[in-house]
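# Breakdown of the fold
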Amino acid sequence: HADAMWLDEALENIGVGRYQWLQCLLLGGVMLVDSAEVLVCSSILGALEISWGLTPLMKGTLMSTVFVGVFVGGLIGGHVADIIGRRPVALMTYSGIIIFGIGSAFCQGPESMIAFRFLTGMCFGGGVSPIIALLMESMPKAAGEHFVNLAYMWWAFGELYACSLLILFMPDLADATDRSWRQIVVLSVMPSAGMFLPMYLTLQESPVFLLAKGRKEEAIAVLSFIANFNGTADRIHDLRDLEEQPSEASALVPDRGSSTAAPAGQRDDDASSTTQPSSRNQWAIMASPEYRWTVVGCSYLCMDVNFVYYGASYAFPQIFRLFHSTLKPAKQLFIASAGCAPGVLLSSILLTCKMSHRDRNVLVIAVVACLNIGFTMMCEGDPEHRYVASCLTSALMLKACANASMILLYVYLGMVFPPACRCTAVAFCIAGGRIGSILAPIVYEEILTHYYRSSMYFGLCTFTSIFAMLIIRLMLREVDGDNEHARAATEVASAL
């Protein structure tokens, strides 16, 4: 049957099964360690400040170095993933996280720590865009965005895992022995070490990437593997007919979320460029009038989300140490970090609503702006930090909505760009966003040094979020089929 040749239909026939769930589990491990490492790094700075004699600027630099690495790794990893494939880049990032993460525990001063934190950040950054692409391109379109959302549940688990380690080894976020923080750093990367072998043995390359590179035989083998793994091999019995249809190879590389479609007269020319996408073609698509403003707008949105989220992750451990409470600072941090899980639930609910991707992002960012105003007013009205319950509740809600905003934005990124430049474009936007995470610790420390008020940082976040809402309306394009896609997405979400 001719329709069976289309990749989207083949993936629809295969359906969602064991392979997609296992893929979500294994790829989510990178996000788990990413969030755990970021929280651990910000939480041990108090201990390192005493043992290594760090200045406030050095503390901010140590934290920002991780995000500088993520920025560089994102640009390199996404571009390489569009050239050699998503799977090898994901495996390389796993290896680097394990090696450099463990190496950080043996650092004896800020110079070596900066080097290892930079390399660890490079591995995190290089893995994000291939992970999003693999999840979106290995399952039915309606399920892809929900699995990206589910993968971010591991982000929430990562923060809770890091908080658990802090409660066990550094409940006061202090370390007089200079050993506890090293144990925490090693244990924080152990999930990646445990998942590496299953990932290496099971994870397959993206069939969309393989077909885009003209490797039809390998793409068919991957689809067959997924179907057999899911127990649905009987649904794709005509898949081998692809070998007899070379003229329709270009049709097998659908946009899967993007609204770009080649005119009929350009089909053959575009097929050749799509089959072997070059580095020049990838950047040319991103710079085209159709996508350039979306790239610019998404880069700013990523920067805003990172500035708010990672700024809060950096600020909360320092703010909680000032609270007048019998509750240990590490436990307070655990409560605030628990907001990541409701954030995943909130984004899942919004993905089932009959709203466009742009409207969802505007709604959540508006809530984030309001919560930043609320947290600012609370800090100003309670300078001695006595109302612990109110501050913790506000912090939890802020983390939840900021996490939901990040997830919805990454889902949008995974759908709006065409496969030929998807990893490069997603990596570019996320790398641009890492500028926000790089600046957040330094800006926070500078505000605290000169004005002695952490509330001013959250007030600044309010203005960046309001501007982000304008960017969404003015620059971002809609994903094609948003309205008709809502019904299918709702059905998939109900099943999940």
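Everything quoted here is computed from the prediction, not taken from an experiment.

What counts and how
Residues numbered from 1 in each chain as written. Predicted model: local features only at pLDDT ≥ 70, side-chain atom pairs only at ≥ 80, totals over all residues. Heavy atoms only, no water. Helix = DSSP H or I, 4+ residues; strand = E, 2+ residues; numbered from the N terminus. Expected span 1.5 Å × (residues − 1). Bend = angle between axes of the 7 residues up to and from the residue. Buried < 20%, exposed > 50% of the residue type's maximum accessible area, 1.4 Å probe, protein only. Polar contact = N/O pair within 3.5 Å; in protein donor to acceptor, adjacent residues only side chain to side chain. Contact = heavy atoms within 4.5 Å. Salt bridge = Lys/Arg side-chain N within 4 Å of Asp/Glu carboxyl O. Phe/Tyr/Trp six-rings, centres within 6.5 Å; stacked < 30°, edge-to-face > 60°. Lys NZ or Arg CZ within 6 Å of the ring centre and 35° of its normal. Axes fitted to C-alpha atoms, helices over the stretch in contact; angles between N-to-C directions. Parallel < 35°, antiparallel > 145°, perpendicular 65-115°, else oblique. Left-handed = near helix turned anticlockwise from the far one by under 90°. Patch = residues over 30% accessible without salt bridge, like charges linked within 9 Å, V, L, I, M, F, W, Y side chains within 5 Å. Areas by Shrake-Rupley, 256 points an atom, 1.4 Å probe, with all protein chains shown as cover. Core = buried A, V, L, I, M, F, W, Y, C linked by side-chain atoms within 4.5 Å. pLDDT = per-residue confidence, 0-100.

### As for helix H20 (residues 422–451)
Over its 30 residues, H20 extends 43 Å from the first C-alpha to the last, a length consistent with the 44 Å expected when each residue adds 1.5 Å. Leu439 marks the point of greatest bend in H20, at about 30°, and the proline Pro441 comes within the next four residues.

### What to know about the side chain of Thr120
Checked against the element boundaries, Thr120 lands in helix H6 (residues 110–137). Among the residues examined, Thr120 registers a relative accessible area of 1% and is labelled buried. Within the structure, the side chain of Thr120 is placed 2.8 Å from the backbone oxygen of Phe116, a separation counted as a polar contact. Excluding residues that lie within four positions of it along the chain, Thr120 makes contacts with Glu37, Phe100, Gly101 and Ser104.

### Here we look at the pattern of salt bridges
Inspection of every chain in the model, using the stated rule, returns five salt bridges. Measuring nitrogen to oxygen at the nearest pair gives 2.8 Å for the salt bridge that ties Asp82 to Arg86. Comparing Asp82 with Arg86, the two get one shared label, buried. Arg215 is the partner of Glu218 in a salt bridge, and the nearest nitrogen-oxygen pair spans 2.9 Å. When salt bridges that share partners are traced, they join Asp82, Arg86 and Glu137 into one network.

### Digging into the packing of aromatic side chains
Remark: the centre distance and the inter-plane angle together describe each pair of aromatic rings, the angle taken between the planes. Across all of its chains, the model carries 11 aromatic pairs by this definition. When the ring of Phe225 is compared with that of Phe229, the centres are 5.8 Å apart and the planes differ by 35°; the resulting orientation is tilted. Note that Phe225 and Phe229 are positioned in helix H12 (residues 216–230) at a spacing of four residues, about one turn of the helix. Three or more aromatic residues link up through ring pairs in this structure, and these residues are Phe307, Tyr444, Tyr457 and Phe458. Its guanidinium or amino end placed over the ring of Tyr200, Arg87 lies 5.5 Å from that ring's centre, counting from NZ or CZ.

### Thoughts on the packing of helix H2 (residues 18–43) against helix H8 (residues 153–169)
Geometry of a packed helix pair, given as the angle between the helix axes and the separation of the axes. Where H2 meets H8, the axes come as close as 7 Å, and the angle between the chain directions of the two elements is 40°. Taken together, the axes of H2 and H8 are oblique relative to one another. Judged by the twist between their axes, the crossing of H2 over H8 is right-handed. Contacts from Cys24, Leu25, Gly28, Met31, Leu32, Asp34, Ser35, Ala36, Leu39, Val40 and Ser43 in H2 reach Trp154, Trp155, Phe157, Gly158, Glu159, Tyr161, Ala162, Cys163 and Leu166 in H8.

### Some words on the packing of H8 against helix H17 (residues 340–352)
The contact between H8 and H17 brings their axes to 8 Å, and the two run at 170°. The angle between H8 and H17 places the two elements in the roughly antiparallel class. Contacts between H8 and H17 involve Met153, Trp155, Ala156 and Glu159 from the former and Cys340, Ala341 and Val344 from the latter.

### Let's talk about a nonpolar patch on the surface
Residues Leu75, Ile76, Trp283 and Phe428 make up a contiguous nonpolar surface patch of roughly 330 Å² in combined accessible area. Relative to the elements of secondary structure, Trp283 occurs in helix H14 (residues 279–287). Accessibility expressed as a relative area gives 36% for Trp283, which makes it partly exposed.

### Some remarks on the environment of Val185
Among the structural elements, Val185 can be located in helix H9 (residues 180–188). Ignoring any residue separated from it by four or fewer positions in sequence, one finds Val185 in contact with Glu37, Val40, Ile44, Gly101, Ser104, Ala105 and Arg117.

### A closer look at unusual backbone geometry
Negative phi characterises most residues that are not glycine, and trans characterises most peptide bonds. Residue Asp178 is not a glycine yet carries a positive backbone phi of 65°. Looking at the element boundaries, Asp178 is found in the loop between H8 and H9. Of the residues examined, Asp178 reaches a relative accessible area of 26% and is grouped as partly exposed.

### Regarding the nonpolar core
Core analysis: the largest hydrophobic core is formed by 134 residues, its most contacted members being Leu413 and Phe417. With sequence-adjacent residues up to four places away left out, Leu413 is seen in contact with Cys298, Cys302, Val426, Cys429 and Ile430.

### Observations concerning the confidence of the model for the protein chain
In the predicted model, the protein chain carries a mean pLDDT of 76, and 79% of its residues have values of at least 70. Within the protein chain, no element has a lower average pLDDT than helix H13 (residues 267–275), which sits at 37, and none a higher one than H9, at 91. When the criterion is pLDDT under 50, residues 1–5 qualifies, and its contacts beyond four places in sequence or with other chains add up to 12 contacts. Note that residues 245–277 has pLDDT below 50 and, in this model, 69 contacts with residues that lie over four places away or in other chains.

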